[in-house]
Amino acid sequence: MRLRAVEHRHRLAQRLKLTLIRLVSGRRVPDVVKTLLYRPELFGRAMCDWTQAVMRGPSEWSVGERELFAAFTSRLNQCVF
Amino acid sequence: MRDLSGRYAALTQRLVDSVLAAPGHTPSELRRAVLTRAAASLPFSGPHALAPSPSSPPGPLSLRERGNGGEDLPAALVAYLDKVALHAYKVTDEDLATLQRAGNSDDALFELTVSAALGAALGRLERGLAAVRGEEGPR
């Protein structure tokens, strides 16, 4: 994570969530989650709602197919999925 | 954005609105200009290249022209935002460190980075949907 604020300066509610995720998963919290939980009123909240609808909502495509599209797109973007 | 019709229109609009209008460290007009510029950028080259549309040249467009109140952005910041929009994997720690040393706060950089990324995503979505509809270009 290249912006220190997004790495370390979450508000209390989001910091508690991050701590919980870390404790339950036993791993470092992925950067994408830290990004979504940083100032969620600007980005993360609406992004999560959008992602949930697109990736898990009603669709002609199965969840697996949609995940495959996402993985392929990430590959084109040279971004590890 | 131009084409927000379809099943996810309301959610997409809410995402754009929150990124552009949420209180922050940068003016909404600037975030909008960054998003619009990124949406017009054309990513990918090689086998998966998307053909540039003659009606939407990705050429240089000044943020000043896009109505951000006459404010002009430093070249280093514009270069960084273009990098985010076109090939974000090339962003380096040094890119960010340079911008931070120039006085940009983490929150301002966060807002502009998200604006550029969202704009690039919406531009690609729009071109993809246009291709599915059998249109040549994004408009």
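Here is a short report on the structure shown in this document. Computed from a prediction, not measured in an experiment: that's the story for all the values here. (Residues numbered from 1 in each chain as written. Chains lettered and ligands numbered in written order. Predicted model: local features only at pLDDT ≥ 70, side-chain atom pairs only at ≥ 80, totals over all residues.)

### Section: the packing of helix α3 (residues 75-87) of chain B against helix α5 (residues 106-132) of chain B
Residues and elements named next belong to chain B.
Next, step 1: Look at α3 against α5: their axes get within 8 Å of each other, and the N-to-C directions meet at 40°. As judged from the angle between their axes, α3 and α5 are oblique. Considering the relative orientation of α3 and α5, their crossing is right-handed. Here Leu81, Val84 and Ala85 of α3 come into contact with α5, specifically with Leu112, Thr113, Ala116, Ala117, Gly119 and Ala120.
Next, step 2: In the contact of α3 with α5, the residues fall into seven nonpolar, two polar and no charged. (Axes fitted to C-alpha atoms, helices over the stretch in contact; angles between N-to-C directions. Helix = DSSP H or I, 4+ residues; strand = E, 2+ residues; numbered from the N terminus. Parallel < 35°, antiparallel > 145°, perpendicular 65-115°, else oblique. Left-handed = near helix turned anticlockwise from the far one by under 90°. Contact = placed C-beta atoms within 7 Å. Nonpolar A, V, L, I, M, F, W, Y, C, P; charged D, E, K, R; others polar.)

### Description of unusual backbone geometry
Residues apart from glycine generally show negative phi values, whereas peptide bonds are mostly found in trans.
All names here are of chain A.
Next, step 1: In this structure, Arg39 takes a positive phi of about 45° despite not being glycine.
Next, step 2: Mapped onto the elements of the fold, Arg39 is located in the loop between α3 (31-36) and α4 (44-56).
Next, step 3: Of note, the phi angle at Gln78 is positive, near 55°, even though the residue is not glycine.
Next, step 4: Classification of Gln78 by C-beta neighbours within 10 Å gives exposed; the count is 10. (Buried ≥ 20, exposed ≤ 12 C-beta atoms within 10 Å, placed from the backbone.)

### Comments concerning α5(B)
Next, step 1: Here α5(B) contains 27 residues, and its C-alpha end-to-end distance of 38 Å stays within 8% of the 39 Å for a straight helix at 1.5 Å per residue.
Next, step 2: Backbone geometry just after α5(B) places Gly134(B) at a positive phi near 85°. (Expected span 1.5 Å × (residues − 1).)

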